[in-house]
Amino acid sequence: MNKFDVGIIGGGPGGYTAALHAAAKGEKVVLFEKDNIGGVCLNKGCIPTKSILHSSEVYKQIINSASFGVSVENINLDYSKVKERKNKTVEILRKGIELALKNSKVSVVKEEAHIVSSNVIQTKNNQYECNKIICATGSSPKVVKGLEFDHKFLLSSDDILDLDKLPESVLIVGSGAIGIEWARIFNNFGVDTTVIELASSLLPIADTEVSKRVERIFKSNKIKYYTETSVQKIENHKVILSNNEIIEPEIVLVAVGRTPNPHTIIEGIEYIGDVCGEIQLAHYAIKQALEKIDDIEFRKEYTPSVVYGNPEIAWVGKREQDLEPNTYKKSMVLVSALGKAHCDGNTDGFIKILSQDNKIVGVHIVCAEASSLILQLLIAMQNGINAEKLKEICFPHPTYSEGIFEALFK
Ligand SMILES: Cc1cc2nc3c(=O)[nH]c(=O)nc-3n(C[C@H](O)[C@H](O)[C@H](O)COP(=O)(O)OP(=O)(O)OC[C@H]3O[C@@H](n4cnc5c(N)ncnc54)[C@H](O)[C@@H]3O)c2cc1C
């Protein structure tokens, strides 16, 4: 039997991070991946989506460039090139991870693997004895009754990455991060876009003020949306909604969440990432891997969430609806108050800081560069740096981060 110190099933961000860090400690590591190294994040999630999103933003900026004094004629959108660029981006990054694994002397087995016991992994023809086993087998698009993927009309977030051409119209079911990002992508490309959401607001996992702002942004971008609405039935590509309206989109993206891949809980096995069914984000999987391998302390309440597009949306910590009225202070600055926002033409949004007893407990940002801005406050929160102390920092001008500085004085 092959013997290893660490055996890891799943080559996504959780699995490959665990593999690289265990190998760096001198452990003999085997990593099993049945599909592509990089997992969902690199091959079907974060990276390909953001590559297409960026193309859509470039397109929209060019369409609107006259307001910046730049006129462009004969604008041509070739979606096959958008897809080609996305595939290339994924390939470059995948090769980078494969090389890092090779250089770290991680044995990569490109096969489906199963855990037999707390220290045995089985592939089709081989068994591997491992002192420690990590299961990082990830998740898959959730299937709901009546909206089962047919991969032609009813598409998953995997299918949507492989479109050869843009549709005329799209219906997106679900307004979590994936639904919102794809609504923005399609809208940027000029596709007639409608979103339906079962909850009472868009992006229901966010702070309610963020959700309201997202709705406002959708309205101003002419993205149609329905809240407290579901699909009643689908007949010949006609989608009948619970409010009896009928929509006839060219395609439907069903983005109602993700289900952990099937796994059996075995004592002594470490489970990390999406398979745990907790916070399904790549950086959460990575932090869990580092906690297991390098013992780096990790407090999951400080896991930030980001929704990409223009403006970006990011938050961490408590939402306003989580706090008792009159027990917290809300400090808020509108992005339209910032010089940088006007220079860039990105004036929509806000930066909101929630504090209790002079301690920052939640941050909610709707602003260009929110994905980076959130980190400034996250570092403060996690290290107990309060607003008074942050006021001592010299924030550069003109930047969006000045919004954070301004909010400290509110
Ligand atoms: C459209 C989309 C956009 C996203 N955007 C973001 C984002 O912007 N930011 C963010 O943080 N997160 C994002 N995510 C979520 C992110 O992709 C996941 O949280 C992350 O990939 C989870 O990592 P993981 O290592 O747990 O599992 P995965 O990335 O799912 O990897 C698991 C791997 O295990 C393999 N595997 C499964 N079973 C076996 C087996 N039996 N044998 C061998 N191999 C097996 C699978 O093939 C897969 O490669 C997005 C997801 C989607 C779908």
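Residues numbered from 1 in each chain as written. Predicted model: local features only at pLDDT ≥ 70, side-chain atom pairs only at ≥ 80, totals over all residues.

What about the domain arrangement of the protein chain?
- Per the domain assignment, the segments making up the protein chain are domain 1 (2–140 + 258–294), domain 2 (154–254) and domain 3 (311–408).
- Inter-centroid distance (C-alpha atoms) of domain 2 to domain 3 is 29 Å.
- Contact residues are listed per partner, giving eight residues for domain 2 and 11 residues for domain 3.
- Class assignment for the residues of the side of domain 2 that touches domain 3 results in four nonpolar, one polar and three charged. (Domains from an automatic or database assignment. Contact = placed C-beta atoms within 7 Å. Nonpolar A, V, L, I, M, F, W, Y, C, P; charged D, E, K, R; others polar.)

Description of the site of the ligand
- Surrounding the ligand, one finds 35 residues, the nearest of these being Gly10, Gly12, Gly39, Gly138 and Gly273.
- Of all the elements in the fold, those that place two or more residues in the shell around the ligand are α1 (13–24), α2 (39–43), α3 (46–63) and α7 (282–294).
- In the shell around the ligand, the residues fall into 13 nonpolar, 16 polar and six charged. (Near = placed C-beta within 6 Å. Helix = DSSP H or I, 4+ residues; strand = E, 2+ residues; numbered from the N terminus.)

Looking at the pairing of strand β19 (residues 313–317)
- Extensive coverage of β19 is indicated by the burial of five of its five residues.
- Direction of pairing for strand β18 (residues 305–307) relative to β19: antiparallel, over a ladder of three bridges. Paired with Ser305 across the bridge in β19 is Trp315.
- The hairpin formed by β18 and β19 contains five residues between the paired strands, and Gly309 there has a positive phi angle of roughly 120°.
- Sheet analysis places β19 next to strand β22 (residues 359–366), joined by five bridges and oriented antiparallel. Each residue of the ladder has a partner; that of Val316, found in β22, is Val363. (Buried ≥ 20, exposed ≤ 12 C-beta atoms within 10 Å, placed from the backbone. Pairing = 2+ DSSP bridges.)

Description of the pairing of strand β9 (residues 169–173)
- For β9, the buried fraction is high: four of the five residues fall into the buried class.
- Looking at chain direction, β9 and strand β10 (residues 192–196) are connected through five bridges and run parallel. Across the sheet, residue Leu171 finds its bridge partner in β10, namely Thr194.
- Regarding topology, helix α5 (residues 177–188) serves as the crossover connection from β9 to the parallel β10, and that connection is right-handed.
- Where β9 and strand β15 (residues 251–254) come together, four bridges link them in parallel fashion. (Right-handed = clockwise from strand over helix to strand, strands pointing away.)

Overview of the sheet that holds strand β14 (residues 246–247)
- Strand order in the open sheet formed by three strands is β12-β13-β14, and the pairing between neighbours is antiparallel. Lying at the two open borders of the sheet, with one neighbouring strand each, are β12 (231–235) and β14.
- Sheet topology places β12 next to strand β13 (residues 238–241); four bridges connect them, and they run antiparallel. Note that in β13 the partner of Lys233 across the bridge is Ile240.

Concerning the sheet that holds strand β20 (residues 329–334)
- Taking strand neighbours across the sheet as the criterion, the five strands line up as β18-β19-β22-β21-β20 in an open arrangement whose pairing is antiparallel. Of all the strands in the sheet, the pair left with one neighbour each is β18 and β20. In this sheet, adjacent strand axes meet at a mean angle of 15° when their direction is disregarded.
- The pairing of β20 with strand β21 (residues 350–356) spans six bridges and is antiparallel. (Axes fitted to C-alpha atoms, helices over the stretch in contact; angles between N-to-C directions.)

Here we look at the environment of Thr17
- Checked against the element boundaries, Thr17 lands in helix α1.
- Residue Thr17 is classed as buried on the basis of its 25 C-beta neighbours within 10 Å.
- Leaving out residues up to four positions away in the same chain, Thr17 has contacts with Ile286, Ala289 and Leu290.

Digging into α7
- Spanning 13 residues, α7 covers 18 Å between terminal C-alpha atoms, matching the ideal 18 Å at 1.5 Å per step.
- If you check which residues of α7 are buried, you get Ala282, Tyr284, Ala285, Ile286, Lys287, Gln288, Ala289, Lys292 and Ile293.
- Where α7 is buried, its residues meet α1, α2, α3, β6 (127–135) and β17 (270–271).
- The first or second residue beyond α7 is Asp295, which carries a positive phi of 60°. (Expected span 1.5 Å × (residues − 1).)

A look at the packing of α1 against helix α4 (residues 79–103)
- It is the contact of α1 with α4, at a shortest axis distance of 9 Å, that shows an interaxial angle of 30°. Taken together, the axes of α1 and α4 are roughly parallel relative to one another. In this structure, the crossing between α1 and α4 has a hand that is left-handed. Here α1 contributes Tyr16, Ala19 and Leu20 to the contact with α4, which in turn contributes Ile97, Ala100 and Leu101.
- Per-class residue counts for the contact of α1 with α4 are six nonpolar, no polar and no charged. (Parallel < 35°, antiparallel > 145°, perpendicular 65-115°, else oblique. Left-handed = near helix turned anticlockwise from the far one by under 90°.)

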